[in-house]
Amino acid sequence: MSIAAALQAARQLIPVAEARLLLCHQLGCTPAWLEAHRDELLNATQLAAFESSITRRAAGEPVAYLCGVREFYGRDFSVSPAVLIPRPETELLVELVLKKAKDLAQPCILDLGTGSGCIAVTLALELPQAQVSAADVSAAALAIASENSRRLGASVRLVESDWFSAVGAEQFDVVVANPPYVPANDPHLAQGDLRHEPINALQSGADGLDAIRQILAHAYEHLCAGGWLLLEHGYDQASSVAGLLAVAGLEAIEQHRDLAGIVRVSGGRKRLTDAVPAR
Ligand code: GLN
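Counting from 1, residues in each chain are numbered in the order their sequence is written. It should be noted that, the model being predicted, local features are given only for residues of pLDDT at least 70 and side-chain atom pairs only at 80 or more, the latter also being counted only at that level, while totals for whole chains, interfaces and linings use all residues. Only hydrogens and water are removed before side-chain values are computed, so all heavy atoms of the structure are retained for them.

**So, the overall build of the protein**
- In DSSP terms, a helix is any run of H or I states spanning at least four residues, a strand is any run of E spanning at least two, and both are numbered starting from the N terminus. Looking only at helices and strands, one finds 10 helices and nine strands in the protein.
- For the protein, the spread of C-alpha atoms along the three principal axes comes to 80 × 40 × 35 Å.
- The buried label goes to any residue with under 20% of its type's maximum accessible area, the exposed label to any with over 50%, and the partly exposed label to all in between, with areas taken from a 1.4 Å probe on protein chains only. Considering the protein as a whole, with its 279 residues, one finds that 49% of them fall into the buried category.
- Split by element, the accessible area of the protein, about 13,100 Å² in all, is 54% carbon and sulfur.
- His is not counted here, nor are the chain ends, while Lys and Arg score as positive and Asp and Glu score as negative. Note on charges: their place is set at NZ of Lys, CZ of Arg, CG of Asp or CD of Glu. Of the charged side chains in the protein, 22 are positive and 32 negative, and the gap between their average positions amounts to 3 Å. With residues, only the protein chains shown are counted as cover, and all accessible areas are computed by Shrake-Rupley using a 1.4 Å probe.

Structural data, given as structure tokens:
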């Protein structure tokens, strides 16, 4: 069967753009090569493998897990069902950390709940002067982050840690996290790709804010004077998170909209000196 005919058959079951991605992954070719070789014949092995990936995709498995890769901030990250699939809106979080850290001579940055490592590895590559640490409670996630860090040539220190628990007394110029923030009863958890992603990376208590509360319980002590905490959160959590940041003692609260116009990242700064303000 030709490439064109195989794609034509696949589009009865899944969107053709996804079928192209799966076939490129399987043949190890680019979309441009595929277009230019539409009449080329697939052998029986190639066809069987392609049809199997189409069947799995049609049954709901995420394309990123079937290909084992997802692009983030212009680089390909390995992914597996042990880690959340990198989302485009998380690039906003990266951009904001870059703005905070770019003028520091040697910024110390900590990424909590690093998963695939997409945030930490991107930061390390974009800020060669930075010292980037990344924590995750999941050893399986850290193995993926480690592979991504090595393959992309980043220098990231990986720590197996439940939020700050194994981080010691260290302080950072920027602490960043894309924690789980979906409320337990959110119907989205039972839909689409989310069904296949690690639930611990998505869901966080009745209001979705448990992980953010846990991070904020110890964020202040892990920030340098003037250091920033930046958090991704859900579409309707901006005012709750702003309140929690203030209760955690952080100032200069900032909130930022993603490309869809949703307030997606909130941050706050530890005050510049430890002096108790005069009354
Ligand atoms: N933005 C993701 C979603 O709702 C959730 C990611 C997260 O919990 N950090 O699909």
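**Details of the pairing of strand E1 (residues 69–72)**
- As paired elements, E1 and strand E2 (residues 75–78) share four bridges and run antiparallel to each other. Paired with valine 69 across the two strands is serine 78, which belongs to E2.
- Linking E1 back to E2 in an antiparallel pair, the connection comprises two residues, with tyrosine 73 at a positive phi of about 50°. Criterion used throughout: strands pair if DSSP finds at least two bridges between them.

**Let's talk about the site of the ligand**
- Every residue near the ligand is listed here: Leu84, Arg87, Glu89, Asn178, Pro179, Pro180, Tyr181, Val182, Leu194, Ala201 and Leu202.
- Whenever two N or O atoms come within 3.5 Å, that pair is a polar contact, provided that in protein one can donate a hydrogen and the other can accept it, and provided that, for residues adjacent in sequence, both atoms are side-chain atoms. Asparagine 178 places a polar side-chain atom, nitrogen or oxygen, 2.7 Å from a nitrogen atom of the ligand.
- Contact distances for the ligand include 3.5 Å between an oxygen atom and a backbone N or O atom of leucine 202.
- Protein chains bury 86% of the 300 Å² of accessible surface belonging to the ligand in isolation.
- Residue polarity follows a fixed list, in which Ala, Val, Leu, Ile, Met, Phe, Trp, Tyr, Cys and Pro are nonpolar, Asp, Glu, Lys and Arg are charged, and the others, Gly among them, are polar. When grouped by side-chain class, the residues that make up the shell around the ligand number eight nonpolar, one polar and two charged. One heavy atom within 4 Å of a molecule or strand is enough for the residue carrying it to be called near that molecule or strand.

**Side note on the side chain of serine 80**
- Mapped onto the elements, serine 80 comes out in the loop between E2 and helix H6 (90–101).
- Exposure remark for serine 80: the relative accessible area of 18% places this residue in the buried category.
- Once residues lying within four places of it in the same chain are set aside, the contact partners of serine 80 are Tyr65 and Ile144. By definition, residues are in contact when any of their heavy atoms lie within 4.5 Å.

**Considerations on helix H1 (residues 3–10)**
- Of the residues making up H1, those classed as buried are Ile3, Ala4, Ala6, Leu7 and Ala10. Summarising the axial view, the buried residues of H1 lie within an arc of 165°, below the 170-degree limit, and thus occupy one face.
- If you follow the buried residues of H1, they end up packed against helix H2 (16–27), helix H3 (31–36) and helix H4 (44–58). In this description, one arc is meant: the one made by directions from the helix axis to the C-beta atoms.

**Here's the deal with the packing of H6 against helix H7 (residues 118–126)**
- Axes, fitted as lines to C-alpha atoms, cover a helix only where it is in contact. Angles between the N-to-C directions of the axes lie from 0 to 180 degrees. At their nearest, the axes of H6 and H7 sit 10 Å apart, and the two run at 40° to each other. Considering how the two elements wind past one another, H6 and H7 form a crossing that is right-handed. Within the contact between the two elements, H6 uses Thr90, Leu93, Val94, Val97 and Leu98 and H7 uses Ile119, Thr122, Leu123 and Glu126.
- For the contact of H6 with H7, the class distribution of residues is six nonpolar, two polar and one charged. Whether a crossing is left-handed or right-handed is set by the direction in which the near helix is turned from the far one by less than a right angle, anticlockwise for left-handed and clockwise for right-handed.

**Things to note about the pattern of salt bridges**
- Here a salt bridge means any side-chain nitrogen of Lys or Arg lying within 4 Å of a carboxyl oxygen belonging to Asp or Glu. For the structure shown, the criterion picks out 14 salt bridges.
- Between arginine 56 and glutamate 61 there is a salt bridge, with its nearest N and O atoms 2.9 Å apart.
- Among the ionic pairs, arginine 213 bridges to aspartate 207, the shortest N-O distance being 2.8 Å.
- What makes arginine 213 partly exposed here is its relative accessible area of 35%.
- Through salt bridges with shared partners, a single network forms among Glu18, Arg57 and Asp193.

**A word on the nonpolar core**
- Core analysis: the biggest nonpolar cluster contains 26 residues, and Ile109, Leu123 and Val156 have the highest contact counts within it.
- Elements with a contribution of two residues or more to this core: H6, H7, strand E4 (131–136) and strand E6 (172–177).
- Of all the elements, H6 adds the most residues to this core, at seven residues.
- Once residues lying within four places of it in the same chain are set aside, the contact partners of isoleucine 109 are Val97, Ala101, Leu123, Leu127, Ala130, Gln131, Val132, Ser133, Phe172, Val174 and Val176.
- Here, nonpolar core refers to any group of buried Ala, Val, Leu, Ile, Met, Phe, Trp, Tyr and Cys residues whose side-chain atoms link them within 4.5 Å. In this structure, Trp163, Leu216, Leu231 and Ala248 belong to the second largest nonpolar core, which totals 23 residues.

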